[in-house]
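Understanding the architecture of this molecule
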Amino acid sequence: GEHDVVLRALDEHRTLVARAGEGAWPMQTARAIALRAGLERRRSTDAGELTAARDRARGAYRAFLASCRPPDDGLGTGILAFAPRRLLIDELIELTLRVDGAGNGVVAALDAVLAAHATGSLAKSLGAPAPTVTLVRERLLTRDGDGLLVLVPGAAATHAFALDRQRVVHARLAPVEALE
């Protein structure tokens, strides 16, 4: 089942990278790392293995975001609009929450989600920096009662982040298909 999918994805990745050179296939690398991270998260209880899996997923996610070039079509399609692109962020969220816990993990996971917004066509055209929880609080959530809800739809779960000036919380909702 799942193990065979990971092995096929890793084989596909190795073949593509061997043909094109290291760094030429960031989406396939991200997919392979996400699948491996998902297996490690489900099977491992070792803190060191989980931390290493989170760090690999975080590095692959950063490389994926750095490689993304928004189409110059004026449509404004988000970088995480398509399910295959959300696979890695979904695993990164889950691993970050598991390794870093409810406090720091929620902030780190939301920061990773927000980083994707800096790759969009609008952000690039404005030269906007990647938003962070700290920046959102400083610039957008300036009054008591201000808040932000961020939804990250995924195949296994939809991640909901709620943020105000003092707190950030996370909840797992049903997968996107069940919510539609």
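These remarks concern the structure in this document. Small disclaimer: the values here were computed from a predicted structure and weren't measured. (Residues numbered from 1 in each chain as written. Predicted model: local features only at pLDDT ≥ 70, side-chain atom pairs only at ≥ 80, totals over all residues. Heavy atoms only, no water.)

**A closer look at the overall build of the chain**
Of the regular secondary structure elements, the chain holds 8 helices and 3 strands. Walking the chain from its N terminus toward its C terminus, one meets helices and strands in the order α-α-α-α-α-α-α-β-β-β-α. When the 180 residues of the chain are sorted by exposure, 37% land in the buried category. A sequence separation of at least 24 residues applies to 49% of the contacts in the chain between residues at least 6 apart. Counting only carbon and sulfur atoms, one obtains 55% of the accessible surface of the chain, whose full area is about 10,200 Å². (Helix = DSSP H or I, 4+ residues; strand = E, 2+ residues; numbered from the N terminus. Buried < 20%, exposed > 50% of the residue type's maximum accessible area, 1.4 Å probe, protein only. Contact = heavy atoms within 4.5 Å. Areas by Shrake-Rupley, 256 points an atom, 1.4 Å probe, with all protein chains shown as cover.)

**Looking at helix α3 (residues 47-67)**
For α3, which comprises 21 residues, the first-to-last C-alpha distance of 30 Å matches the rise-based estimate of 30 Å (1.5 Å per residue) to within 8%. Buried residues of α3: Leu50, Ala53, Arg54, Ala57, Ala60, Tyr61, Phe64 and Leu65, and no others. Along the axis of α3, the buried residues cluster in a sector spanning 135°; they form a single face. Along α3, exposed side chains directed more than 90 degrees from the buried face belong to Arg62 and Ala66. For α3, the capping residue at the N-terminal end is Asp46, with a side-chain oxygen 3.2 Å from the backbone nitrogen of Gly48. (Expected span 1.5 Å × (residues − 1). Arc of directions from axis to C-beta. Polar contact = N/O pair within 3.5 Å; in protein donor to acceptor, adjacent residues only side chain to side chain.)

**Overview of the sheet that holds strand β3 (residues 168-173)**
The strands making up a sheet associate through hydrogen bonds between their backbones, and the pairing can be parallel or antiparallel. Judged by pairing direction, the sheet is antiparallel, and its 3 strands sit side by side in the order β1-β2-β3 without closing on themselves. Where the open sheet ends on each side, the last strands, each with one partner, are β1 (148-152) and β3. Here the strands of the sheet are splayed against their neighbours by 20° on average, with no regard to which way each runs. Judged from the 6 bridges that link them, strand β2 (residues 158-163) and β3 form a sheet pairing that is antiparallel. Within β3, the residue paired with Leu163 across the bridge is Val168. (Pairing = 2+ DSSP bridges. Axes fitted to C-alpha atoms, helices over the stretch in contact; angles between N-to-C directions.)

**Things to note about the pattern of salt bridges**
With the rule as written, the count across this model stands at 8 salt bridges. Arg41 serves as the salt-bridge partner of Glu91, at 2.9 Å between the closest nitrogen and oxygen. Pair noted here: Glu91 is in helix α4 (residues 83-100) and Arg41 is in helix α2 (residues 26-43), with a separation of 50 residues, a long-range link. Side by side, Glu91 and Arg41 carry an identical accessibility label, which is buried. Salt bridges here are not isolated pairs; linked through shared partners, they connect Arg54, Asp55, Arg58 and Asp100. (Salt bridge = Lys/Arg side-chain N within 4 Å of Asp/Glu carboxyl O.)

**Brief notes about a nonpolar patch on the surface**
Together, Leu149, Leu151, Leu173 and Leu179 make up a nonpolar patch on the protein surface, roughly 390 Å² of accessible area in all. Turning to its location among the elements, Leu149 is positioned in strand β1. (Patch = residues over 30% accessible without salt bridge, like charges linked within 9 Å, V, L, I, M, F, W, Y side chains within 5 Å.)

**Some words on the nonpolar core**
By size, the foremost hydrophobic cluster in this structure holds 34 residues, and its most contacted members are Tyr61, Ile89, Ile93, Leu110, Val113 and Phe161. Among the elements of the structure, α2, α3, α4, α5 (104-115), α7 (133-139), β1 and β2 are those that each provide at least two residues to this core. Apart from the residues within four sequence positions on either side, Leu110 is in contact with Val133, Val150, Phe161, Leu163 and Val168. (Core = buried A, V, L, I, M, F, W, Y, C linked by side-chain atoms within 4.5 Å.)

**Concerning the environment of Phe161**
As for its position among the elements, Phe161 is in strand β2. Take Phe161: its relative accessible area is 1%, and that puts it in the buried class. Separated by 48 residues in sequence, Phe161 and Val113 have C-alpha atoms that sit 9.9 Å apart. Apart from the residues lying within four places of it in its own chain, the contact partners of Phe161 are Ile93, Val106, Ala109, Leu110, Val113, Leu148, Leu149, Val150, Val152, Val169 and His170.

**Comments concerning the side chain of Arg41**
Classification of Arg41 as buried rests on a relative accessible area of 16%. Residues contacting Arg41, with those up to four places away along its chain left out, are Leu50, Glu91, Glu94, Leu95 and Arg98.

**Notes on the environment of Arg54**
In this fold, Arg54 is placed in helix α3. A relative accessible area of 8% means that Arg54 is categorised as buried. With 16 residues separating them in the primary sequence, Arg54 and Gly38 have C-alpha atoms 9.9 Å apart. Filtering out sequence-adjacent residues up to four positions away, Arg54 remains in contact with Leu92, Leu95, Thr96, Val99 and Asp100.

Interpretation note: all reported values are geometric properties and have no functional meaning in isolation.
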